[in-house]
Each structure stands twice: as C-alpha cells, then as structure tokens.
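This is what each chain is made of:
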Amino acid sequence: MTPTPEEKKRRVAAAALEFIVDDSVVGIGTGSTVNAFIDQLGPWANRIRGAVSSSTASTRRLEALGIRVFDLNDVDDLGIYIDGADEANPRLELIKGGGAALTREKIVAQSAARFVCIVDESKRVPVLGRFPLPVEVVPMAQRAVARRLAALTGGQVTLRDGVVTDNGNVILDVRGLSITAPRELECELNQVPGVVTVGLFAARPADVLLVGTDDGVLRVDRPLA
Ligand code: A5P
C-alpha cells in the first residue's frame with residue numbers, strides 16, 4: 001500500500017534518528033517534517049544532553065517532551081543539525097523559509113558540523129526556484145528591498161501577509177526564479193541593506209539528504225565539489 005504523506009514524513013524522520021550520538025546536543029530545525037522528527041525523540045530524551053532550536057515553535061515541542069533546549073551561545077560543539085527544506089537541488093543546495101524560520105535555521109545550520117536534511121521526494125528539483133524564495137527583511141526596509149530584489153532577480157516580489165518572524169521582521173517571497181547559480185545569488189542578495197537572511201542555503205548546503213519515497217528512505221550524500 002502506498003504510504004500517506006504523513007507516514008513518509010514519519011519514516012524519513014525516523015531515518016534521521018540514526019545520526020544522533022549519545023550525550024550530544026542536537027540542532028533542530030522547523031516545519032512539519034521536523035515535527036515528525038521531534039515527535040519520535042521521546043526515547044532519546046535521557047540519552048542526549050539537549051537541543052538547540054531554530055524557532056519558538058520547535059522549542060515548545062521539544063520542551064513538552066522534557067528535552068532541554070540550550071541557547072546556541074552556550075554550546076561549543078554542535079555535531080549535527082536536522083531540518084527540512086522547501087527545495088533541494090542535486091548539489092544539496094536548498095531553499096528554506098517556507099515556515100519563516102530561515103534566519104535561526106541558517107545560524108544553527110552554519111554552527112553544526114553536519115547538516116542532515118529530511119524531505120519528501122516532491123522537494124527534489126533539478127534547479128531551485130519553483131518554490132518562492134523567502135527573504136527575511138527589516139520592516140522599515142520592506143519596500144526598498146522589494147524594489148531592489150525585483151531589479152536584481154527579475155522575479156515578482158510579494159510581502160507574506162500577516163507574518164512576523166521570531167526576530168520581529170517581515171518576509172518577502174520572490175517568485176518566477178530559475179536559480180542556476182545559488183551560491184552567487186545568495187551572496188549578492190545578502191548585500192542588500194535591510195536583508196536579514198536569504199532563504200538560499202548554498203554557502204552552507206546540506207551534507208546528507210534523506211528523501212521519503214513510496215518505497216522507503218533514499219539517502220543522498222552531497223557530491224564532492
Ligand atoms: C521553515 O522556515 C522551513 O525552512 C522549513 O524547513 C521548510 O519549510 C520545510 O517545512 P516542511 O517540513 O513543513 O515541508
């Protein structure tokens with residue numbers, strides 16, 4: 001029988017449990033796939049020291065299981081970061097931020113020795129950009145940044161209605177892109193004053209992609225440069 005989308009998320013999340021090391025602190029992302037991961041972390045609560053979380057939503061879910069959530073400033077050795085994505089290309093470069101948690105996600109991902117990304121097969125694309133690219137922006141710069149992003153990318157820029165990030169900022173979504181050079185675009189958009197974080201994870205891509213499919217979980221390792 002074909003597994004439901006929820007069952008595929010549960011399975012791919014279960015596969016990520018194998019990357020956890022006893023007595024370590026685990027970096028935890030945000031989103032429905034990560035929720036499926038957190039929901040299976042209960043038996044690990046006494047085996048790990050705790051977690052660093054990328055959002056208030058994940059923090060609440062972790063704490064409900066009795067898992068200690070550390071401030072990143074108090075952790076020197078973050079071995080692993082586990083998170084979902086909105087898109088992944090064959091180089092394991094990602095678009096993230098569909099859940100508006102991209103800034104903290106990028107900080108925690110950058111701090112971890114290894115980034116394991118958990119997705120379903122619908123997230124795999126040859127070229128990033130089908131999913132609107134999220135950009136977190138300081139509110140006073142919203143319109144200026146929107147104009148600049150449109151000019152730089154040629155995409156259609158819209159404000160994500162009613163969304164305020166955990167950092168008090170807004171999200172602009174850029175549609176209609178075909179991102180053939182993600183690292184370069186990430187670097188270019190990072191320079192726009194008012195941009196806090198670009199939802200491209202190319203300078204720090206995933207190291208391992210676990211993909212939930214109808215037939216089980218597929219593991220893809222990042223190709224060498
Ligand atoms: C959160 O801001 C995002 O980066 C999520 O990681 C991404 O949207 C994946 O979410 P789902 O697992 O819910 O698809």
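The structure we're discussing is the one just above.
In this report, we go over the structure that sits alongside the text.

What counts, and at which threshold
Residues numbered from 1 in each chain as written. Predicted model: local features only at pLDDT ≥ 70, side-chain atom pairs only at ≥ 80, totals over all residues. Heavy atoms only, no water. Helix = DSSP H or I, 4+ residues; strand = E, 2+ residues; numbered from the N terminus. Buried < 20%, exposed > 50% of the residue type's maximum accessible area, 1.4 Å probe, protein only. Arc of directions from axis to C-beta. Contact = heavy atoms within 4.5 Å. Pairing = 2+ DSSP bridges. Axes fitted to C-alpha atoms, helices over the stretch in contact; angles between N-to-C directions.

1. Details of unusual backbone geometry
For step 1, the next point in the chain: Look at Leu92: it is not a glycine, yet its phi comes out positive at around 65 degrees.
For step 2, the next point in the chain: As for its position among the elements, Leu92 is in the loop between β5 (87–88) and β6 (94–95).
For step 3, the next point in the chain: On the basis of relative accessibility, which here comes to 1%, the residue Leu92 falls in the buried class.
For step 4, the next point in the chain: The phi dihedral of Ala100 falls on the positive side, at around 70 degrees, and the residue is not glycine.
For step 5, the next point in the chain: The topology assignment puts Ala100 in the loop between β6 and α4 (102–111).

2. Things to note about helix α3 (residues 56–64)
For step 1, the next point in the chain: Ser58, Thr59 and Leu62 are the residues of α3 that are buried. Along the long axis of α3, the arc covered by the buried residues comes to 105 degrees, so they all point the same way. Residues of α3 that are exposed and angled more than 90 degrees away from the buried face: Arg60 and Ala64.
For step 2, the next point in the chain: For α3, the elements touching its buried residues are β1 (25–28), α2 (32–38), β2 (50–53) and β3 (69–70).
For step 3, the next point in the chain: Positive backbone phi, at 85 degrees, marks Gly66, one or two positions downstream of α3.

3. Observations concerning the environment of Gly176
For step 1, the next point in the chain: For Gly176, the position within the fold is in the loop between β10 (170–175) and α6 (182–190).
For step 2, the next point in the chain: For the pair formed by Gly176 and Gly27, sequence separation is 149 residues and the distance between their alpha carbons is 32 Å.

4. What about the sheet that holds β1?
For step 1, the next point in the chain: Spatial ordering of the open sheet is given by β3-β2-β1-β4-β7-β13-β14, a layout of seven strands whose pairing is mixed. Looking at strand neighbours, the two that pair on one side only are β3 and β14 (216–221), the edges of this open sheet.
For step 2, the next point in the chain: The sheet contact formed by strand β4 (residues 80–83) and strand β7 (residues 114–120) spans four bridges and is parallel. Across the sheet, Tyr81 pairs through a bridge with Phe115, a residue of β7.
For step 3, the next point in the chain: Sitting on the sheet, helix α1 (residues 5–17) touches β4, β7, β13 (208–213) and β14, and the angle it makes with β13 is about 150 degrees.

5. Digging into the sheet that holds β5
For step 1, the next point in the chain: Strand order in this open sheet of three strands is β5-β6-β12, and the pairing throughout is antiparallel. Edge positions in the sheet fall to β5 and β12 (200–201), since each of these pairs with one other strand and no more.
For step 2, the next point in the chain: With two bridges connecting them, β5 and β6 associate as antiparallel partners. Bridge pairing links Glu87 to Ile95 in β6.

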